[in-house]
Amino acid sequence: MFTPHTKTEREEMLKTIGVRSLEDLFQDVPAGHRFPKLDLPPALTEMEALAELQDISGANETVRDLACFLGAGAYNHYTPAAVDMLLRRGEFYTAYTPYQPEISQGTLQSIFEYQSLIVELTGMEAANASHYDGATATAESVVMAYHNFRGKRKKVVMSPAVNPQYRATVRTYTQGYEDLILVGDGPQADLNAGPESLTPLIDDQTSLVIVQYPDFFGRIFDYTSLINSAHQVGALVAVVINPTALGLLKTPGEMGADIVVGEGQPLGIPLSYGGPYLGIFATRKEYVRKVAGRIVGETADKEGRRGYVLTLTAREQHIRREKATSNICTNVGLMALAATMYMSLVGKQGFRQVANLCYQKAHYAAEKIAKIPGYSLCSDTPFFHEFMVCCPRPVEEINAHLLDDGILGGYDLSADYPTLKNHMLIAVTEMNRREEIDALCESLEEVSHA
Amino acid sequence: MPEPTIYELSSPGRAGVRFPEPDVPATPLPEGLLRKDLPLPELSELDVVRHFTHLSTKNYSIDGGFYPLGSCTMKYNPKINEETARLPGFTMTHPLQPIETVQGNLAMMYQLQEWLKEITGFAGITLQPAAGAQGELTGVLIMRAYHCSRGDVKRTKILIPDSAHGTNPASTAMSGMEVLSLPSDARGNIDLDALRAVCDDTLAGLMLTNPNTLGLFDEHVLDIVDIVHKAGGLVYGDGANLNALLGIVRPGDTGFDIMHLNLHKTFSTPHGGGGPGSGPVVVAKHLVDFLPTPVVTIIEEGNEEMPPLYGYATPTKSIGRIKSFNGHFGMLVRAYTYISMHGAEGLREIAELSVLNANYILARLKNIYHVPYDRICMHEFVAEGKWDDAPEVHALDIAKRLMDYNFHPPTNYFPLIVHEALMIEPTETESKQTLDTFIDAMVKIAEEAHTQPELLKEAPHNTPVGRLDEIKAAKELVLCCMLPETA
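Residues numbered from 1 in each chain as written. Chains lettered and ligands numbered in written order. Predicted model: local features only at pLDDT ≥ 70, side-chain atom pairs only at ≥ 80, totals over all residues. Heavy atoms only, no water.

Digging into the overall build of chain A
Helix and strand content of chain A: 13 helices and 15 strands. Across its three principal directions, the C-alpha atoms of chain A cover 80 × 55 × 50 Å. Looking at chain A as a whole, 65% of its 450 residues are labelled buried. Taking the intrachain contacts of chain A between residues at least 6 apart in sequence as the baseline, contacts between residues at least 24 apart amount to 72%. When the accessible surface of chain A is summed, it comes to about 15,400 Å², and 50% of that surface belongs to carbon and sulfur atoms. (Helix = DSSP H or I, 4+ residues; strand = E, 2+ residues; numbered from the N terminus. Buried < 20%, exposed > 50% of the residue type's maximum accessible area, 1.4 Å probe, protein only. Contact = heavy atoms within 4.5 Å. Areas by Shrake-Rupley, 256 points an atom, 1.4 Å probe, with all protein chains shown as cover.)

Description of the domain arrangement of chain A
Residue and element names in this part refer to chain A. As far as domains go, chain A holds domain 1 (67-78 + 348-449) and domain 2 (81-342). For domain 1 and domain 2, the distance between their C-alpha centroids amounts to 28 Å. When domain 1 packs against domain 2, the two sides together hide about 2,300 Å² of surface, and 67% of this comes from carbon and sulfur. Area buried by domain 1 at its contact with domain 2 is led by F351, F384 and Y417, which between them contribute 28% of it. Between the two partners, domain 1 and domain 2, sit zero salt bridges. The interface formed by domain 1 and domain 2 contains six residue pairs in polar contact (both at pLDDT 80 or more). Secondary structure elements with two or more residues in the side of domain 1 that touches domain 2: α11 (333-370) and β12 (386-390). When the residues that make up the side of domain 1 that touches domain 2 are grouped by side-chain class, the tally is 19 nonpolar, eight polar and three charged. (Domains from an automatic or database assignment. Buried area = accessible area lost by both parts, 1.4 Å probe. Salt bridge = Lys/Arg side-chain N within 4 Å of Asp/Glu carboxyl O. Polar contact = N/O pair within 3.5 Å; in protein donor to acceptor, adjacent residues only side chain to side chain. Nonpolar A, V, L, I, M, F, W, Y, C, P; charged D, E, K, R; others polar.)

Some points on helix α5 (residues 105-122) of chain A
Counted at 1.5 Å a residue, the expected span for α5(A) with its 18 residues is 26 Å, and the 25 Å between its end C-alpha atoms agrees. Looking at the residues trailing α5(A), positive phi occurs at A:G123, about 75°. (Expected span 1.5 Å × (residues − 1).)

Considerations on the sheet that holds strand β2 (residues 126-127) of chain A
Residues and elements named next belong to chain A. Taken together, seven strands build an open sheet; the order of strands is β2-β8-β7-β6-β5-β3-β4 and the sheet is mixed. Strands with a single pairing partner mark the edges of an open sheet, and in this sheet they are β2 and β4 (181-183). Across six bridges, the pairing between strand β5 (residues 206-213) and strand β6 (residues 236-241) is parallel. Residue Y213 lies in a different strand from β6, and its bridge partner there is I241. Its contacts with the sheet place α5 against β2, β6, β7 (259-263) and β8 (279-283), and it is angled at close to 70° to β8. (Pairing = 2+ DSSP bridges. Axes fitted to C-alpha atoms, helices over the stretch in contact; angles between N-to-C directions.)

Quick look at the domain arrangement of chain B
All names here are of chain B. Taken as a whole, chain B is organised into domain 1 (81-340) and domain 2 (344-463). Its C-alpha centre places domain 1 at a distance of 30 Å from the equivalent point of domain 2. In this complex, domain 1 contributes 27 residues to the contact, which on the side of domain 2 involves 22 residues. In this assembly, domain 1 packs against domain 2 so that about 2,000 Å² is buried in total across both faces, 66% of it on carbon and sulfur atoms.

Here is the structure:
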């Protein structure tokens, strides 16, 4: 197993230490609480543990058993086999954080490459080595903007079409900033409105405006003019992206965004019931010293050999302690590595192909669903691979029927938006074959009569 | 050999993966919303495989060698964990699936919640936090919410010993609370008089790492808890060093109110070159209602024929959501696997042997390296990397020289209260032979420090690159590859 000590070795070691038994090593622990009896099941062998976990995982229905049209922040994509084969190299996944650069160049160079790919994909100028996920990257953008204005600008404007879980996470993260106010996504917000509806909320007290691209409902808006208005009063703008969409769409960098955050899961990371995923964070060079988390920079050794190090570490908690703006330490390095491998393999052509497949299949699905009596598209704004469908019945009932037909239906928007009763958010990716889309449409049609 | 970057390896027109042609009629793309260029690299599959294989060989790793890295618990990461976490029944489930279709996931999470509560002696748990630092943020926000819910809003002060990890004060500040640093006494415990002096009605709580970062179990832990509780504060345990306590003592039993666990330390999930981690938070009964949402619960009790129906609940006074979806699920599967293969006795043996290993190294090195707090230690200890008669040598030089002996350096310059600190944590998975080889290297390096200090000053000698110019990196700020056409 995992502890190598023989009886003889234990005795030799105890003798060297100068104690008689292992128990003697724990004299500092209060006697009344020492050596509790833990109520745990008996230890399993490896073959038993595997069998047990096979049984447990077998109780799930997966996106392989079901045709998946569920997205809402996590997407079913194809990952080339090489990604996981490479990720399983012990040199990568059993390495520590690269604080010792001489023996961590593999990790450091791959993070440097990850930063480069994210910069190119988003059209920004610098990226960090990752946050935990899209939600926490979004929350960190609020914290960064707050500190950028030294806490003097107390308003954050958030579009109601930002992922509800991200908005909830922002609220949790900012509980301690008692003077900070979050506006724009209250119950009165007009969900059909475009980004221009946020403009009146932005003023010289605003530190950050947050929008999503494509937004949570799948819609694509060009945020250039919104960003211009925000900049006119000195506010920053963060754009929450889906990286797959950027295979086709204009970059937030081109629109003038100051911060780009997002969920990197579509970049070769398994759905894995929600994690671990990858929080993307990119910005302009002028803000790089305000970014939280690790950043890798290029440098050289004494002989002029190129090498990479963690840089600008004076921003971070292990140096600045309570003066650091974020507490992040461990991030999701291995997931950033997976994304780097994915983007390298899929490359320029493949990335466009994936984005185009998502777009084409989603539009085929949308057009076909819109023709089913009782169903309609809730918006005529351009969309990428996810769209809102107005349904004839509550989504929960429809999804129960779809599930009987082996289909994992879309996201029930009424869970987060009480006014969006009977609104389903459907996601389509390159994984959905035309037959699956046709089967979805048939099943939707049946349930409208049922 | 320097490895070119993926952009340098790129060749226009090359592709690593093909995708099928669309099987649906074409829809025109939205004009005016398209990007002009997509500057991603163009590589074949073999280019990519060789590139990352080359890079991997430039890494030190647990699979390749010993990491005596204090407070990081770099134990072996069992291979079976990687198999179980990759079972398609787990990896191919979407986080928003109806609960009826993911009963396996929920049952596993529920069982893990129960086990972690049992191991630590607490009443409630969240598996949500993504890492230890996020667990701390969660814990401090819970402390804040608890006091606020009682109208006790002037409690904003959090005490943090001077030996604590930097994340403790950073998490506190992020939660809008004030940090007050507490000194240690001559034996490495918290200074009780200093503690009593600052316990008043503005005290929100204390963050205590026990065993602390000197590797010492605080001899007055029950008194400390009592003093803080009597002043109306809460005691937060930083679980970074929980490995030494498995089956030895349950922090909940000694009166702690909250603690985070690091599954990537104590429960063998891999560090991944910097993450992902997983930082569940356990709480005592009076704090259960403040846990972040969602927690896994039983919605309908089972019976002899039917298993229970598992689902989610939001605690009544929840601090809210701290990340998307359901925690770092893949890490939870690994930790579940690990606990299931140990049972109660196996867990206690982990703690015992990690402490045995640390004390063995301590006993053999303490006459060669100065150990400022010379007591029986727990899973780690701190030595000084400095001798009066070898003034030019520093802890950093010892650390770098260890690389030439094929060891990862210990944590150095931490904790801050020891000058030139070398913090050594061997973990239980290392054999006596490995420890002996490491000790021999440390002894040899101490000799070299006195006879050939330049060997240390110039180290490492055998690594892919030598000491790197960190000032140049921070000054020039080259943070991404230059594209070949613009370079």
